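Chain and residue survey
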Amino acid sequence: MLQVQNVFKSYLTPQGPLPVLQGIDLTLKPGSSLALMGESGSGKSTLLHLIAGLDKVDSGSISSGEHRLDRMNEAQLANWRRTEIGLVFQQYNLIGSLRIEDNLAFQARLAGRHDPRWQHHLVQRLGLGELLKRYPEQLSGGQQQRVALGRALAAQPKLLLADEPTGSLDEATSDEVLRLLLELLDDTPTTLLMVTHSQRVAARLAERVVLSSGRLT
Ligand SMILES: Nc1ncnc2c1ncn2[C@@H]1O[C@H](COP(=O)(O)OP(=O)(O)OP(=O)(O)O)[C@@H](O)[C@H]1O
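Predicted model, so just to flag it, every value in this text is computed and none were measured. (Residues numbered from 1 in each chain as written. Predicted model: local features only at pLDDT ≥ 70, side-chain atom pairs only at ≥ 80, totals over all residues. Heavy atoms only, no water.)

Here the focus is the nonpolar core. Formed by 39 residues in total, the largest nonpolar core has its most connected members in Leu181, Leu192 and Met194. At the level of secondary structure, the elements contributing two or more residues to this core comprise β3 (33–37), α3 (100–110), α4 (116–126), α5 (141–154), β7 (159–163), α6 (171–186), β8 (191–195) and α7 (199–204). A per-element tally of this core places α6 first, with seven residues. Excluding residues within four positions of it along the chain, Leu181 makes contact with Leu149, Leu153, Leu160, Leu192 and Met194. Listed in part, the 29 residues of the second largest apolar core include Ile62, Leu161, Val209 and Leu211. (Core = buried A, V, L, I, M, F, W, Y, C linked by side-chain atoms within 4.5 Å. Buried < 20%, exposed > 50% of the residue type's maximum accessible area, 1.4 Å probe, protein only. Helix = DSSP H or I, 4+ residues; strand = E, 2+ residues; numbered from the N terminus. Contact = heavy atoms within 4.5 Å.)

So, in structure tokens, the structure goes:
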């Protein structure tokens, strides 16, 4: 279970501190799925980055079991990202110099959890079997995003953080990618936190929260 408690975060700007998160409370149960919505600039990516351990809170706590992210040093945060977090972005972020099969295995290898049988299962479920020897630039956007999902899930993360994962896809492709993701998550204890601007996408997840004026509603 991931718990965010009373989290505040500001950025320093030339005009002074810009308060972005002003008392965020959030609980993510294992296996749950939550859509994080809110206007552009409301702080959705900021919150995702804090949970991913890519940035630090000003105050408040983020905890997962006995792990306290807000008390981790850089090496511990790097380990948190490597072993517990799967990240998926709007722009796929595959490694251009690696074939699809090696992109898929990349994070699982880093996490020390490469499991050929689980990867094979993901390849089958995501329909990537014909594409394994290709490079990312030889794939469509929807295909690349399926690889990015496979890469994130291959490492069997506790938490999958997805920042507008269907934002670059047309409606039909977006629906297909989301369907595959939700089906795959049914087979795992992985929790999904997804930033989306789309009500259609948000409606497919179990829960929805909106970030506004630094707070969740
Ligand atoms: N590194 C930074 N330094 C200064 N200000 C920042 C930084 N990162 C983000 N901000 C500001 O913090 C606010 C929240 O940004 P954030 O990217 O979290 O919003 P968002 O809700 O994800 O937006 P979008 O939907 O447009 O992606 C914005 O006003 C943004 O300009």
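Below, the discussion takes up α4. Think of an α-helix as 3.6 residues a turn; residues three or four steps apart then line up on the same face. Residues Trp118, Gln119, Leu122, Val123 and Leu126 constitute the buried set of α4. For α4, the buried positions fall inside an angular range of 140 degrees around the axis, keeping them on one side. Among the exposed residues of α4, those pointing more than 90 degrees away from its buried face are Pro116 and Arg117. Buried residues along α4 sit against α3, α5 and α6. The N-cap of α4, judged by a side-chain oxygen 2.9 Å from the amide nitrogen of Arg117 a few residues on, is Asp115. Looking one or two residues beyond α4, the residue adopting positive phi is Gly127, at roughly 65 degrees. (Arc of directions from axis to C-beta. Polar contact = N/O pair within 3.5 Å; in protein donor to acceptor, adjacent residues only side chain to side chain.)

Right, let's talk about the pattern of salt bridges for a bit. Counted under the stated rule, the structure contains 11 salt bridges. The shortest N-O distance in the salt bridge between Glu84 and Lys158 comes to 3.4 Å. On the criterion of sequence distance, the pair formed by Glu84 in helix α2 (residues 74–84) and Lys158 in the loop between α5 and β7 is long-range, its members being 74 residues apart. Residue Glu84 is classed as buried on the basis of its relative accessible area of 15%. The salt bridge partner of Arg179 is Glu183, with a shortest N-O separation of 2.8 Å. Taken together, the residues span about one helical turn, with Arg179 and Glu183 both in helix α6 at a distance of four residues. Given the relative accessible area of 33%, Arg179 is considered partly exposed. Salt bridges here are not isolated pairs; linked through shared partners, they connect Arg125, Glu176, Arg179, Glu183 and Asp187. (Salt bridge = Lys/Arg side-chain N within 4 Å of Asp/Glu carboxyl O.)

Pairing is mixed across the open sheet formed by six strands, whose spatial order is β6-β7-β8-β3-β9-β10. In the strand order of this sheet, the two ends are held by β6 (85–89) and β10 (215–216), each with one partner. As paired strands, β3 and β8 are joined by four bridges and run parallel to one another. When the sheet's bridge partners are listed, Ala35 is paired in β8 with Met194. Sitting on the sheet, helix α1 (residues 44–52) touches β3, β6, β7, β8 and β9 (207–212), and the angle it makes with β7 is about 155 degrees. Along the sheet, α6 makes contact with β7 and β8, crossing β8 at roughly 155 degrees. (Pairing = 2+ DSSP bridges. Axes fitted to C-alpha atoms, helices over the stretch in contact; angles between N-to-C directions.)

Bear in mind that shape data such as this cannot, by itself, settle questions of function.
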